[in-house]
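Per-entry structural report
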Amino acid sequence: MIDYSLYLVTDRGLCKRDFFETIVEAVKGGVSVVQVREKNCSTREFVDIAKKVKKLLEPFSVSLIINDRADVAVAVDADGVHVGQNDMHPLDVRKVVGDKMIVGLTVNSIEDVKEAEDLPVDYLGVGPVFPTTTKKTTKPCLYPEGIKKIRKITKKKIVAIGGINEKNVKELVNTGIDGIAVVSAICGSEDPYKSANILYRTIKGGI
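No experiment lies behind these values; they were computed from the predicted model shown. Within each chain, residue numbers correspond to sequence positions counted from 1 in written order. Only residues with pLDDT of at least 70 get local features here, since the model is predicted, and only at 80 or more are side-chain atom pairs given and counted; chain-wide, interface and lining totals rely on the full set of residues. Side-chain measures were taken over the full set of non-hydrogen atoms in the model, leaving aside hydrogen atoms and water.

1. With respect to the overall build of the protein chain
Stated formally: In DSSP terms, a helix is any run of H or I states spanning at least four residues, a strand is any run of E spanning at least two, and both are numbered starting from the N terminus. To get the radius of gyration, use the C-alpha atoms; to get the globule rule, take the number of residues to the power 0.38 and multiply by 2.2 Å. For each residue, the accessible area found with a 1.4 Å probe, counting protein chains only, is set against the maximum for its type, and the residue is called buried under 20%, exposed over 50%, and partly exposed in between. Two residues qualify as a contact provided that any one of their heavy atoms is within 4.5 Å of a heavy atom in the partner residue. The Shrake-Rupley method, run with a 1.4 Å probe sphere, supplies the accessible areas, and residue values consider only the shown protein chains as cover.
Of regular secondary structure, the protein chain possesses 8 helices and 8 strands. Computed over its C-alpha atoms, the radius of gyration of the protein chain comes to 16 Å, within 12% of the 17 Å expected for a compact globule of 207 residues. For the protein chain, the spread of C-alpha atoms along the three principal axes comes to 40 × 40 × 30 Å. Across the 207 residues of the protein chain, 53% fall into the buried class. Of all intrachain contacts in the protein chain linking residues separated by at least 6 positions in sequence, the fraction that spans at least 24 positions is 59%. Summed over its atoms, the accessible surface of the protein chain is roughly 10200 Å², and 48% of this surface lies on carbon and sulfur atoms.

As structure tokens, then:
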């Protein structure tokens, strides 16, 4: 069973150290899921990157998720694929990846969550929780109180995302989430092992 507790979403442009080294150090620090997110490269390069990441993760038994691209997920035999509200519809994603692959969906509101209840998705990426500069969005922040409300109306796994870092992660400990997803808090760190470990120890103390 997949452990969503500390979910890393990659961003090569933010990395202070080598991209692949950052991932390995983060995993050693406690990251349990890695989502490879690539918006500005060719499909072939995306596949090559994902294959290399998968090989790096195998010794740690850490799950590999592909952002947006169901075709890339199938090509590299990833553990799953994550899509947003404007990406391929989860029903269509299932047609591409089959029943065994994990499918995650981004939700930003109570309405999104209600619509997702009958969709073939395994977990919900809920956010943004806090203000974030990593991803351009006009969606309002949910904050911990919003996460609590969403927890009450869904039985699906919940991964909180958006502006989460070492300073505010404690605010999410008792919200009923199954994990946190971070980008800059690890990718943008000079010491991804240390940053991941602080987040891991904090969130595991409350999940």
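The rest of the description comes next.
2. Observations regarding the state of the cysteines
Rules: By convention in this document, the label disulfide applies to cysteine sulfur atom pairs within 2.5 Å.
Under the defined criterion, the tally for this structure stands at 0 disulfides. With no disulfide of its own, cysteine 41 lies closest to cysteine 15 among cysteine sulfurs, the gap being 14 Å. Accessibility expressed as a relative area gives 17% for cysteine 41, which makes it buried. Of all cysteine sulfurs, the one in cysteine 187 lies closest to cysteine 141, which takes part in no disulfide; the gap is 20 Å.

3. Notes on the layout of surface pockets
Test applied: Here a cavity means grid points, on a 1 Å grid over the protein atoms only, where a 1.4 Å probe fits yet cannot get out; a pocket means an open set of points with protein on both sides within 12 Å along at least five of seven lines; lining residues are those with an atom within 4 Å of a point. Grid points are joined across faces, edges and corners, and a volume is the space filled by probe spheres set on the points. Residues are sorted three ways: Asp, Glu, Lys and Arg are charged, Ala, Val, Leu, Ile, Met, Phe, Trp, Tyr, Cys and Pro are nonpolar, and all the rest, Gly among them, are polar.
In this model, the largest pocket occupies a volume close to 820 Å³. Among the elements of the structure, strand E1 (6–9), strand E4 (80–83), strand E6 (123–126), strand E7 (157–161), strand E8 (179–182) and helix H7 (184–187) are those that each provide at least two residues to the lining of the largest pocket. Here the residues of the lining of the largest pocket sort into 13 nonpolar, 20 polar and 7 charged. The volume enclosed by the second largest pocket comes to roughly 180 Å³. In terms of lining, the second largest pocket is formed by Thr10, Asp11, Arg12, Gly13, Arg37, Glu38, Lys39 and Asn40.

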